[in-house]
Amino acid sequence: MLRSVFRRHASGVAVVTASGEYPVGFTATSVSSVAAEPPLISFGVGTGSSSWPVVAGAEHVGIHILGEHQQELAATFARSGADRFAAPTGWRSGPEGVPLLDGVLAWLVCRVVARVPAGDHRIVIAEVVTGDPAGDGRPLLYHQGRFNALRD
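## Observations concerning the overall build of the protein chain
Thinking step 1. In terms of helices and strands, the protein chain carries three helices and 12 strands.
Thinking step 2. In terms of overall dimensions, the protein chain has a C-alpha envelope of 35 × 35 × 35 Å along the principal axes.
Thinking step 3. The contacts in the protein chain between residues at least 6 apart in sequence include a share of 61% that link residues at least 24 apart.
Thinking step 4. Surface accessibility of the protein chain: about 8400 Å² in total, with carbon and sulfur atoms responsible for 53%.
Thinking step 5. Between the centroid of the 12 positive side chains of the protein chain and the centroid of its 13 negative side chains there is a distance of 12 Å.

Structure, rendered in structure tokens:
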């Protein structure tokens, strides 16, 4: 029932990144603003995902808001077993060593403050350290199991 209902809920698409022995990242539709003071965000991550072991120990994470032109990037970071940081993915090491993706609408680097158990997931809460909202374009959305563009 939950999946059926939430297929009807359009959400923004983000990629969450972190760095440990190697960079990791995954596509997320669960990124949410939590508080303005202090500036906090949250996202969910499955404990069975390949990214979880690194996110579980990371002090900082990157949050990347994707544009409608980045459907392939979203698919790459959603695909199990993909080499997500190989070409054609453009990225660099950012503040706190967090992998930052090129060409996104906006990005944040956040300090993890809590990992809350939630079934087979963890809800990660993180405080914004720095970011850049200056990317161009319109947001990528996820609805009915597909990536979509925003319509006027």
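## Describing the sheet that holds strand 11 (residues 140-143)
Thinking step 1. Pairing is antiparallel in the open sheet, where three strands are placed in the order 1-11-12. Sheet topology places strand 1 (11-12) and strand 12 (146-149) at the edges, where each strand pairs with a single neighbour.
Thinking step 2. Pairing analysis gives two bridges linking strand 1 to strand 11, with the strands arranged antiparallel. Bridge pairing links G12 to L141 in strand 11.

## Topic: the sheet that holds strand 4 (residues 32-35)
Thinking step 1. The strand order 3-2-6-9-10-5-4 describes an open sheet built from seven strands, whose pairing is antiparallel. Every interior strand has two partners, whereas the edge strands, strand 3 (23-28) and strand 4, have only one. Neighbour-to-neighbour, the strand axes of the sheet open up by a mean angle of 35°, direction not taken into account.
Thinking step 2. Here strand 9 (residues 106-118) runs beside strand 10 (residues 121-132); their pairing, made up of 11 bridges, is antiparallel.

## With respect to the nonpolar core
Thinking step 1. Membership of the largest hydrophobic core comes to 19 residues, with the highest contact counts inside it found for F43, V55, V61 and I63.
Thinking step 2. Within the residue set of this core, elements represented by two or more residues are strand 2 (14-19), strand 3, strand 5 (40-46), helix 2 (52-57), strand 6 (60-65), strand 9 and strand 10.
Thinking step 3. When near neighbours in sequence (up to four residues on either side) are disregarded, V61 contacts V16, T17, A18, F43, V98, L108, V109, C110, V112 and A126.
Thinking step 4. Core analysis: the next-biggest nonpolar cluster, separate from the first, contains 14 residues, V15, F77, F85 and W107 among them.

## Here we look at the pairing of strand 3
Side chains on a regular strand alternate between the two faces of the sheet.
Thinking step 1. With respect to burial, strand 3 is a largely interior element, five of its six residues being buried.
Thinking step 2. Here strand 2 runs beside strand 3; their pairing, made up of six bridges, is antiparallel. When the bridges of strand 3 are listed, V15 appears paired with T27.
Thinking step 3. Between strand 2 and strand 3, which pair antiparallel and follow one another directly, the connecting turn spans three residues.

## Some points on the pairing of strand 12
Thinking step 1. Summarising the sheet, strand 11 and strand 12 pair through four bridges and their orientation is antiparallel. Bridge pairing in strand 12 links L141 to N148.
Thinking step 2. The hairpin formed by strand 11 and strand 12 contains two residues between the paired strands, and Q144 there has a positive phi angle of roughly 55°.

## Description of the packing of aromatic side chains
Aromatic ring pairs are described here by two measures, namely the spacing of the ring centres and the angle between the planes.
Thinking step 1. Overall, the coordinates contain four aromatic pairs when judged by the stated rule.
Thinking step 2. The interplanar angle of 70° and the centroid separation of 5.1 Å between the aromatic rings of F85 and W91 together place this pair among those described as edge-to-face.
Thinking step 3. Through a chain of ring-to-ring contacts, three or more aromatic side chains come together here, namely F77, F85 and W91.

What counts, and where the lines are drawn
Residues numbered from 1 in each chain as written. Predicted model: local features only at pLDDT ≥ 70, side-chain atom pairs only at ≥ 80, totals over all residues. Heavy atoms only, no water. Helix = DSSP H or I, 4+ residues; strand = E, 2+ residues; numbered from the N terminus. Contact = heavy atoms within 4.5 Å. Areas by Shrake-Rupley, 256 points an atom, 1.4 Å probe, with all protein chains shown as cover. Lys, Arg positive; Asp, Glu negative; His and termini not counted. Charge placed at Lys NZ, Arg CZ, Asp CG, Glu CD. Pairing = 2+ DSSP bridges. Axes fitted to C-alpha atoms, helices over the stretch in contact; angles between N-to-C directions. Core = buried A, V, L, I, M, F, W, Y, C linked by side-chain atoms within 4.5 Å. Buried < 20%, exposed > 50% of the residue type's maximum accessible area, 1.4 Å probe, protein only. Phe/Tyr/Trp six-rings, centres within 6.5 Å; stacked < 30°, edge-to-face > 60°.

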